[in-house]
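Residue-level listing of the chains:
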Amino acid sequence: MLNILKKELVIYTALLTVLIVLMHPDLLSHPTARLALMQEKGNYVHPLLYTFFVYLILYFLRFVVGYIIKLIKKK
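Residues numbered from 1 in each chain as written. Predicted model: local features only at pLDDT ≥ 70, side-chain atom pairs only at ≥ 80, totals over all residues. Heavy atoms only, no water.

A. Spatial organisation of the overall build of the chain. Within the chain one finds 4 helices and 0 strands. For the chain, the sequential pattern of α-helices and β-strands runs α-α-α-α. Scaling as 2.2 N^0.38, a compact globule of 75 residues should have a C-alpha radius of gyration of about 11 Å, whereas the chain reaches 17 Å, well beyond that. Dimensions along the principal axes, computed over C-alpha positions, put the chain at roughly 55 × 25 × 20 Å. Put simply, the chain has 75 residues, and 16% of those count as buried. Accessible surface for the chain amounts to roughly 6,500 Å². Of this, 75% is attributable to carbon and sulfur atoms. (Helix = DSSP H or I, 4+ residues; strand = E, 2+ residues; numbered from the N terminus. Rg over C-alpha atoms; globule rule 2.2 N^0.38 Å. Buried < 20%, exposed > 50% of the residue type's maximum accessible area, 1.4 Å probe, protein only. Areas by Shrake-Rupley, 256 points an atom, 1.4 Å probe, with all protein chains shown as cover.)

Encoded structure:
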């Protein structure tokens with residue numbers, strides 16, 4: 001069970017990192033400016049929420065594909 005949680009946490013963290021870089025490329029060149037802007041607007045939680053929704057979609061797709069593969073292997 002612990003291994004599954006670690007794997008899912010790694011997937012979530014990688015997804016969070018990829019989405020942050022894709023949505024805010026200026027974070028790589030001017031991180032202090034981006035963090036100051038987040039502090040002004042007070043929107044610290046939105047990256048986690050967006051990542052959670054994308055993670056749920058990917059989790060559902062992984063579940064469906066795994067189920068289909070199980071059905072194919074069973075036959």
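B. Representation of the packing of aromatic side chains within the structure. For the structure on display, the rule yields 3 aromatic pairs. Here Phe 52 and Phe 53 contribute two aromatic rings whose centre-to-centre distance is 6.2 Å and whose plane-to-plane angle is 55°, an arrangement assigned as tilted. Among the residues examined, Phe 52 registers a relative accessible area of 39% and is labelled partly exposed. (Phe/Tyr/Trp six-rings, centres within 6.5 Å; stacked < 30°, edge-to-face > 60°.)

C. Highlighting empty space enclosed by the protein. Within this structure, the stated rule accounts for 1 cavity of 30 Å³ or more. In this model, the largest cavity occupies a volume close to 50 Å³. Around the largest cavity, the lining residues are Leu 16, Leu 19, Ile 20, Met 23, His 24, His 46, Pro 47, Tyr 50 and Thr 51. Counting residues per element, the ones that place at least two in the lining of the largest cavity are α1 (2-23) and α4 (46-74). Classifying every residue of the lining of the largest cavity by side-chain character gives 6 nonpolar, 3 polar and no charged. (1 Å grid on protein atoms, 1.4 Å probe; cavity = no way out; pocket = protein on both sides within 12 Å on 5 of 7 lines; lining within 4 Å. Points joined across faces, edges and corners; volume = space filled by probe spheres on them. Nonpolar A, V, L, I, M, F, W, Y, C, P; charged D, E, K, R; others polar.)

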